[in-house]
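If you want the building blocks of each chain, they are given just below.
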There are 2 protein chains.
Amino acid sequence: MRDVAVIGVGQIQVSEHWERPLREMAVDASLRAVIDGNVDIKDIDLLVVGNMLGEVTDTQAHLGALIAEALGLKNVEAYRVEAACGSGAAAFRTAYMAVAGGFSDLALVVGVEQQTNAFFTDITLGLAMAADGEYEILHGASFLALNALLKRLYMERYKDVKEEELAVFPVIAHENAVNNMYAMYRFPINVEKVLRSPYVAEPIRLFETAPISDGAAAVLLAPAEIAKKYTDTPVIIKASEVATDKIYLAGREDILLPAAIRVSTEKALKRAKVERKDIDFFELHDAYSIMAALSLEASGFAEPGKAPKMAADGAYYLNGDLPILTMGGLKARGHPVGATGVYQIVESVIQLRGDAGKNQVDGAEIGMAQNVGGVATTVITTILKRGD
Amino acid sequence: MRDVAVIGVGQIQVSEHWERPLREMAVDASLRAVIDGNVDIKDIDLLVVGNMLGEVTDTQAHLGALIAEALGLKNVEAYRVEAACGSGAAAFRTAYMAVAGGFSDLALVVGVEQQTNAFFTDITLGLAMAADGEYEILHGASFLALNALLKRLYMERYKDVKEEELAVFPVIAHENAVNNMYAMYRFPINVEKVLRSPYVAEPIRLFETAPISDGAAAVLLAPAEIAKKYTDTPVIIKASEVATDKIYLAGREDILLPAAIRVSTEKALKRAKVERKDIDFFELHDAYSIMAALSLEASGFAEPGKAPKMAADGAYYLNGDLPILTMGGLKARGHPVGATGVYQIVESVIQLRGDAGKNQVDGAEIGMAQNVGGVATTVITTILKRGD
C-alpha cells in the first residue's frame, strides 16, 4: 500500500443552482480541480462520483459514466458510491484505496448534488431515504424529525446545557462563511437570531439546520511519491476510515454517543498514527447543531454534554483550541448532500496549503474531516497532513 | 498489491419475490455465502452493496449501512456502489481493490434488487435512468427502445444475419437454466417459440429480453494467501477491469462495437495475462439477445456480425468451443439488475470449483464474466481462475 496525496481541488459556490444540471456542476468543479492540480485530464484513470439523490432529483442513475462522458474521459473506469449524506467521503475512500493499492495513478473524486430543482416533497422523502424506510420513515418520521429526537434527548439528559450554547455552532459557521467565496450564506448571525428563528421540528430551529442546496466539489488523488510532479503543496492522506452503526435509532446502545463516529475516529487516529491533540482543525458534519455537538463528543474532543459550553467559551472559533467549520460548515457553506464530504476535504486541503486567507488556521499541519450519512449511521473520518 | 480469492458464494433463486423486502433477500444470500465460505461473520470488515434501484423501488438509499445492520455486522465499513445494471460487478471491483490493497481481510459483496413490488411504470423509468436522461430519455426512449435501435442497425448492417440465428441465444440460456435451481425460468424453449413471441419494441421480441425480477447474490473475498484457511477450492481473481463509453448512443463511434466492452475485455486479458483461447466459459450480459452478440463480437470472441451464426452452429452451448450463460444467463436465470454482476461471478466460481453438476464445463480452469451497465456504457470484465 502506497501513500496517496491530494494534488488538486475544485469547488463551485454552494447555492440554489436552479438552472444548472447535475452533470454541468460536476464538470465545473472537476475542471477546476484539473486546473488546480496542473494535470492533463487525459491522464485521469479513475472517476468516482459521490451522489445521493440523482434518481430522485434528476431521474438519473449511472452518474459515473454520465460525468465521465461529460468530462471527455475516454473509456475511463467510473462509478458512483452512495452512503446517503456520507456519499462524498465514501467516494473519496474508494478512490483512495484504488490509488493506494496501485490500481489508479490519477483518480478524480467528484461529489455533486442538485436538490433545489426537485419538488420540496421529493427532497423531504429523498433525504428520509438515509434512514430506515420500513422501521422509521413509514411511521411518519422525516430525517429532520429524527434529529429533533436527538436534540430533545440531549437537552433532557444534559440538563445544564443551554439552548444559547448550542446556538453557537451556527454562529461559528456563519462567521467563517463570510470570507469563503464558495459559501452559500456569507453573512454573520448571532445567538439571538438563532434563538428567534422558528422551529422546523421542535426543538430544532430553522437557523440550526443546514440548507437544501446545490453544489459540486472535486479532488484529484495521486501517489504521494509523484505528487511533486503536479504541485508544490501536496496534502497527504494519512487516514480515511469508515464505520457504520445500526441504521434505525431505536436499535442503538446510546444514540447520544454514536458508535460510528467513535469507531471511525478511533480507526482514523490509529491509522494516521496521530493523537487528538495533533489535530489542528476539524471539519465536522453540522447538518444540525445537535450533530456538531455529538460529533465533538463522540469523537472524543469534548466530554459528553460539554461541547456546547466549550463552543460558548470560544474553543471552536478560528482562534480557539480546535477550530471547526473553518469555511462555514454545512450550515453556512451549504449542504449539497452527496457533495458535502468532498467540500470538507477541499476546504481541509486549502487550510493545509496555507491558502485559507482570512480564515487560515495558524500553522495548520494536520486536519480532520468527518462526513456523516444518515443520523450518524455511516461515518467517514479523513485525516490529512501537509506534505513536506 | 496482493492476490485475492473468492472463498464463499451465496445466491437465492431469482424470481418474483413480491413478499421479500430488499434487505431480507440481501441477508439471505449473504448468510449463504458465510456458510459456504466457512467464515465467522464477525470477521467481515467490509461490505459493498451492488444495487441500482433502491430509491425507486423501495424508497430506500443507504443500503450499505442498512444491510450491514441487518447482518449484525457491528460498525463495519459499508457503502453501496452503483453503475446501473453493472452495479453488482462494480461493487465487486471496489471490494477486490480493498482486499488487494490491504484495506480489508474479509470483504462481503452483495448484489440485490427488488423490482417486482414497484409499479411497472416506475420500473420502466427506473431502468431508463441507466441511459442519458436529458439527451435520450426525455425524448421518449425507454431502455428497451434503445436496445431495439441496436438490433435494427445490426440487422441492417449485417444482412446475412438471420433472426433465427439471433434467437439461439435465449435458447441456450433456457437450456442451461433447466438444471440451475436458482434460475427463474427452468424450462427449455426453441427458436420457433422465440420467433413467435410478440414484439416488445420492434424488432426485439419478448423472448429475447431478460425478465424484470428480484434476487440477491453474494461473494466473500479474502487474500489468496490465506484462502485455504476457509476453503479447499479458492477461486483466484485474475482481473476485474472497468471501462466506460459515452452514455448517449448518438455520441459513439460505432454503437455495434461498443468501446467499453472492447477496452474492458482487453484490460482484463492483459491484467490476467491470459489470451482469449484460455477462457473456458464466458458469462456474458444477455439483457437482450442483441447484447449477447455484441458482447461476443466486441470482446473479440467472434468477428463482427458473425456471433449469431456461430451460436446457430453450436459454438456457445455447454459442449461448444466457448460455453456462455452456463447457468441460464440474464434471460433465464433472471436479471435483478444490481445483483446480476454478482450472480455471474457466483456462477463462475461454481463452474471453476467443478460444482456445476449437469452444467459443468469440462475442465473449466479460467472463466470470464462480463457485467454491463446501460447500453454497453459501463462494462466490468472479471477473469477468475481455479486456485491450486
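Structure: above.
What you see is a predicted model, and the numbers here were worked out from it, not measured in a lab.

1. Some details on the overall build of chain A
Part 1: Counting its regular elements, chain A contains 14 helices and 11 strands.
Part 2: Referenced to the eigenvectors of the C-alpha coordinate spread, the extents of chain A come out at roughly 55 × 45 × 40 Å.
Part 3: Across the 388 residues that make up chain A, the buried fraction comes to 68%.
Part 4: Look at the contacts in chain A between residues 6 or more apart in sequence, and 77% of them connect residues 24 or more apart.
Part 5: Element-wise, carbon and sulfur atoms account for 51% of the exposed surface of chain A, whose accessible area totals about 12,600 Å².
Part 6: For chain A, the distance from the average position of its 37 positive side-chain charges to the average position of its 51 negative side-chain charges is 2 Å.

2. Focus: the relation of the copies chain A and chain B
Part 1: The transform that puts chain A on chain B rotates by 180° and translates by 0.0 Å along the axis, for an RMSD of 0.0 Å. Put plainly, the chains are arranged around a two-fold axis.
Part 2: Taken as a fraction of all interface residues of chain A, those also at the interface in chain B reach 100%, which identifies the copy contact as same-surface.

3. Overview of unusual backbone geometry
Part 1: Omega for the peptide link from A:E202 to A:P203 comes to 10°, which places this bond in the cis form.
Part 2: Examined against the element boundaries, A:P203 turns out to sit in the loop between strand 5 (199-201) and strand 6 (204-205).
Part 3: The phi dihedral of A:N38 falls on the positive side, at around 55°, and the residue is not glycine.
Part 4: If you check the backbone angles, B:H62 has positive phi at about 60° while not being a glycine.
Part 5: For B:H62, the location among the structural elements is in the loop between helix 2 (54-58) and helix 3 (63-71).
Part 6: Of the residues examined, B:H62 reaches a relative accessible area of 1% and is grouped as buried.

4. Overview of the pattern of salt bridges
Part 1: Evaluation of the coordinates by the stated rule reveals 53 salt bridges over all chains.
Part 2: Here A:D105 makes a salt bridge to A:R2, at a shortest N to O gap of 2.7 Å. Of this pair, A:D105 sits in the loop between helix 4 (87-100) and strand 4 (107-113) while A:R2 sits in the segment before strand 1 (4-11); the two residues are 103 residues apart in sequence, bridging distant segments of the chain.
Part 3: Between B:R252 and B:D245 there is a salt bridge, with its nearest N and O atoms 3.5 Å apart.

5. Remarks on the nonpolar core
A general trend in soluble globular proteins is that nonpolar side chains are found buried together.
Part 1: Within the largest apolar cluster, 158 residues are counted, with the highest numbers of intra-cluster contacts made by A:V6, A:V219, A:L221, B:V219 and B:L221.
Part 2: Setting aside anything within four residues of it in sequence, one finds A:V6 in contact with A:F92, A:V219, A:L220, A:L221, A:P234, A:V235, A:I237, A:V349 and A:L384.
Part 3: Judged by nonpolar contacts, the second largest core, of 79 residues, contains B:A130, B:A210, B:A239 and B:F282.

6. Comments concerning the pairing of strand 4 (residues 107-113) of chain B
Residue and element names in this part refer to chain B.
Part 1: Counting buried positions along strand 4 gives seven out of seven residues, so the element sits mostly inside the fold.
Part 2: Neither face of strand 4 is open: one carries A107, V109, G111 and E113, the other L108, V110 and V112, and all of them are buried.
Part 3: Relative to strand 7 (residues 215-223), strand 4 is paired through seven bridges, and the arrangement is antiparallel. Each residue of the ladder has a partner; that of A107, found in strand 7, is L221.

7. Notes on the interface of chain A and chain B
Part 1: Tallying the contact residues gives 60 residues for chain A and 60 residues for chain B.
Part 2: Both sides of the chain A and chain B interface together cover about 4,800 Å² of buried area, and 56% of this is carbon and sulfur.
Part 3: Three residues, A:H62, A:N75 and A:F103, lead the burial of chain A against chain B; their summed loss comes to 16% of the area buried on that side.
Part 4: Between the two partners, chain A and chain B, sit 12 salt bridges.

8. So, helix 14 (residues 337-353) of chain A
Residues and elements named next belong to chain A.
Part 1: For helix 14, spanning 17 residues, the distance from its first C-alpha to its last is 25 Å, which sits close to the expected 24 Å at 1.5 Å a residue.
Part 2: For helix 14, the buried fraction is high: 17 of the 17 residues fall into the buried class.
Part 3: Immediately beyond the C-terminal end of helix 14, within one or two residues, lies G354, with a positive phi of roughly 80°.

9. Considering the packing of aromatic side chains
Think of a pair of aromatic rings as described by two things: how far the centres are apart, and how the planes are tilted against each other in angle.
Residues and elements named next belong to chain A.
Part 1: In total, this model carries 14 aromatic pairs over all chains according to the counting rule given.
Part 2: Ring geometry for F143 against Y288: centres 6.4 Å apart, planes inclined by 45°, an arrangement best described as tilted. One end of the pair, F143, is in helix 6 (residues 143-157); the other, Y288, is in the loop between strand 9 (281-283) and helix 11 (289-298), with 145 residues separating them in the sequence.
Part 3: Judged by relative accessible area, F143 falls into the buried class, the value being 7%.

10. A few points about helix 10 (residues 259-272) of chain B
Working note: α-helix, 3.6 residues per turn, so residues spaced by three or four point in the same direction.
Residues and elements named next belong to chain B.
Part 1: In this model, helix 10 (14 residues) spans 20 Å end to end at C-alpha, consistent with the 20 Å of a helix rising 1.5 Å per residue.
Part 2: Where helix 10 is concerned, the buried positions are A259, A260, I261, V263, S264, T265, A268, L269 and A272.
Part 3: After helix 10 finishes, the residue K273 shows a positive phi value of roughly 55°.

11. Description of the packing of helix 4 of chain A against helix 14 of chain A
Residues and elements named next belong to chain A.
Part 1: Running from N to C, helix 4 and helix 14 cross one another at 65°; their axes reach a closest spacing of 5 Å. In contact with S87, G88, A89 and F92 of helix 4, helix 14 contributes G338, G341, V342 and I345.
Part 2: Of the residues that constitute the contact of helix 4 with helix 14, the class distribution is four nonpolar, four polar and no charged.

12. Here we look at the side chain of A:H335
Residues and elements named next belong to chain A.
Part 1: Following the sequence through the fold, H335 ends up in the loop between helix 13 (329-333) and helix 14.
Part 2: At 2.6 Å, the side chain of H335 and the side chain of T340 are in polar contact.
Part 3: Setting aside residues up to four positions removed in sequence, H335 forms contacts with V14, C85, Q115, A210, P211, S213, H285, A287, L330 and T340.

13. Digging into the environment of A:M25
All names here are of chain A.
Part 1: With respect to the helices, strands and loops of the structure, M25 is situated in helix 1 (residues 22-37).
Part 2: Separated by 85 residues in the primary sequence, M25 and V110 have C-alpha atoms spaced 9.9 Å apart.
Part 3: With near-sequence residues (within four places) excluded, M25 lies in contact with I12, H17, R20, V112, E113, Q114, D214, G215 and A216.

14. Section: the environment of A:I44
All names here are of chain A.
Part 1: Mapping I44 onto the fold places it in the loop between helix 1 and strand 2 (46-50).
Part 2: Put simply, I44 and A222 are 178 residues apart on the chain and 9.6 Å apart in space, counted from C-alpha to C-alpha.
Part 3: Residues in contact with I44, not counting those within four places in the same chain, are V34, L73, V76, L106, L108 and L220.

15. Points about the pairing of strand 4 of chain A
Part 1: Here strand 2 of chain A runs beside strand 4 of chain A; their pairing, made up of five bridges, is parallel. Bridge assignment links A:G50 to a residue of strand 4 of chain A, and that residue is A:G111.

Each value, and the rule that gives it
Residues numbered from 1 in each chain as written. Chains lettered and ligands numbered in written order. Predicted model: local features only at pLDDT ≥ 70, side-chain atom pairs only at ≥ 80, totals over all residues. Heavy atoms only, no water. Helix = DSSP H or I, 4+ residues; strand = E, 2+ residues; numbered from the N terminus. Buried < 20%, exposed > 50% of the residue type's maximum accessible area, 1.4 Å probe, protein only. Contact = heavy atoms within 4.5 Å. Areas by Shrake-Rupley, 256 points an atom, 1.4 Å probe, with all protein chains shown as cover. Lys, Arg positive; Asp, Glu negative; His and termini not counted. Charge placed at Lys NZ, Arg CZ, Asp CG, Glu CD. Least-squares fit on C-alpha atoms with pLDDT ≥ 70 in both. Salt bridge = Lys/Arg side-chain N within 4 Å of Asp/Glu carboxyl O. Core = buried A, V, L, I, M, F, W, Y, C linked by side-chain atoms within 4.5 Å. Pairing = 2+ DSSP bridges. Buried area = accessible area lost by both parts, 1.4 Å probe. Expected span 1.5 Å × (residues − 1). Phe/Tyr/Trp six-rings, centres within 6.5 Å; stacked < 30°, edge-to-face > 60°. Axes fitted to C-alpha atoms, helices over the stretch in contact; angles between N-to-C directions. Nonpolar A, V, L, I, M, F, W, Y, C, P; charged D, E, K, R; others polar. Polar contact = N/O pair within 3.5 Å; in protein donor to acceptor, adjacent residues only side chain to side chain.

The values are spatial; any link to function lies outside them.
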